[in-house]
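# Topology and contacts: notes
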Amino acid sequence: MSELEGSSIFKVWLGGFTSSMKHRFPQLDSIHVKPHFPHGVHLVFKESDPWAAFVIGKGKVVAASNGVVLTRKGGDPVPDSIDLLPTIKGLSIDCFEGGVVTHNLLVAIKPVVDLVHQSLPSDSVQIEFEGLDNVNNFEFQSVSLEFPNGMKVKMGDLVGMDQRFVALKQFLSSFELSESRQVLYIDTRVMGKILVKYADS
C-alpha cells in the first residue's frame, strides 16, 4: 500500500493498484476501492475461500476454486514458486464411479487437455467444461478457459478446436492488456476470428 501513501487522489489509477495487489497476493479474491474525497481511499479486501485440500505424499495443499494455493502444510509438497494449480471444472458426480474418474470421461476431456498443454502455459490456465453431466453421453457442449488475471476465453466445442487454439496462441503472443481497458472475455468460436469483449464496450 506504500505506493498509495502520499499520492494525490487525482493521480492514483485505482484499477492499476487493484491489479497489482492481486498479482502480488493471489490469495485475494477481490479488492474494492472507493475514493473518499479529498484526502483518502477506502479499501475492502476479500480473501479467497478454501475449496479443496489435496494430499501429496506427507503434505497437504489447500486451494481455492480457481486453483490458487492458499496454504501448504507438512513437507511442503508444492514448491513456493507454484502459486496456482490447474483445475478442471464442470464435471458432475455422474462422471465418476466410486470416486474414480471413468474411462469415458478421460476420452472426452483428453483432447482438450492435450491442446491446452501444447498451446498455452497450462499451469496457469483453468479449464471449464459445459454439458458434461450425462453418465451415458460424455459429449460436452463447450469449453472455456480462465487465466490468473481473470481473463476468460470461450473456445466452443471440439469441432475445429485445434485450429482455434493455434489462432489463440498467435493472438496472445502479440496481445497486450491495456491498463485503461478491462477485458471481459475473448471469443474464438467464430472460425478465423478472435473477438475481444471489453468492459466499456
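The structure reproduced in this document is the subject of the present report. (Residues numbered from 1 in each chain as written. Predicted model: local features only at pLDDT ≥ 70, side-chain atom pairs only at ≥ 80, totals over all residues. Heavy atoms only, no water.)

Read across the open sheet, the six strands follow the order S6-S9-S10-S11-S12-S13; overall the sheet is mixed. Each of the sheet's edge strands pairs with one partner strand only, and the pair in question is strand S6 (88-89) and strand S13 (195-198). Note that strand S11 (residues 152-156) and strand S12 (residues 183-187) share three bridges and pair parallel. Within the sheet, the bridge partner assigned to Val 153 lies in S12 and is Ile 186. (Pairing = 2+ DSSP bridges. Helix = DSSP H or I, 4+ residues; strand = E, 2+ residues; numbered from the N terminus.)

A word on the nonpolar core. Core analysis: the biggest nonpolar cluster contains 28 residues, and Leu 132, Val 143 and Leu 145 have the highest contact counts within it. Apart from residues no more than four positions distant in its own chain, Val 143 is found in contact with Val 112, Ile 127, Glu 128, Phe 129, Val 153, Lys 154, Met 155, Gly 156 and Met 161. (Core = buried A, V, L, I, M, F, W, Y, C linked by side-chain atoms within 4.5 Å. Buried < 20%, exposed > 50% of the residue type's maximum accessible area, 1.4 Å probe, protein only. Contact = heavy atoms within 4.5 Å.)

Strands sit in the order S3-S4-S5 across an open sheet of three strands; the sheet is antiparallel. The open sheet has two edge strands with one neighbour each: strand S3 (52-56) and strand S5 (69-73). Taken pair by pair, the neighbouring strands of this sheet meet at an average axis angle of 20°, ignoring direction. Here five bridges tie S3 to strand S4 (residues 59-63), and the two strands are oriented antiparallel to one another. Residue pairing across strands places Ala 53 opposite Val 62, the latter belonging to S4. (Axes fitted to C-alpha atoms, helices over the stretch in contact; angles between N-to-C directions.)

This part is about the pairing of S11. As paired elements, strand S10 (residues 142-146) and S11 share four bridges and run antiparallel to each other. Its bridge partner lying in S11, Ser 144 is registered against Lys 154. Taking the residues between adjacent antiparallel strands as the criterion, S10 and S11 are bridged by five residues, where Gly 150 takes a positive phi near 90°.

Glancing now at a nonpolar patch on the surface. Residues Trp 51, Phe 54 and Ile 56 make up a contiguous nonpolar surface patch of roughly 300 Å² in combined accessible area. Here Trp 51 lies in the loop between strand S2 (40-47) and S3. (Patch = residues over 30% accessible without salt bridge, like charges linked within 9 Å, V, L, I, M, F, W, Y side chains within 5 Å. Areas by Shrake-Rupley, 256 points an atom, 1.4 Å probe, with all protein chains shown as cover. Salt bridge = Lys/Arg side-chain N within 4 Å of Asp/Glu carboxyl O.)

A few words on the side chain of Asp 187. As for its position among the elements, Asp 187 is in strand S12. Within the structure, the side chain of Asp 187 is placed 2.7 Å from the side chain of Arg 189, a separation counted as a polar contact. (Polar contact = N/O pair within 3.5 Å; in protein donor to acceptor, adjacent residues only side chain to side chain.)

For the pair helix H2 (residues 103-119) and helix H3 (residues 161-174), the least separation of the axes is 10 Å and the interaxial angle reads 25°. Taken as axis vectors, H2 and H3 run roughly parallel relative to one another. Where H2 crosses over H3, the two elements pack in a sense that is right-handed. On the side of H2, the interface is formed by Val 112, Leu 115, Val 116, Gln 118 and Ser 119, while H3 contributes Met 161, Asp 162, Phe 165 and Lys 169. Taken together, the residues that form the contact of H2 with H3 break down as five nonpolar, two polar and two charged. (Parallel < 35°, antiparallel > 145°, perpendicular 65-115°, else oblique. Left-handed = near helix turned anticlockwise from the far one by under 90°. Nonpolar A, V, L, I, M, F, W, Y, C, P; charged D, E, K, R; others polar.)

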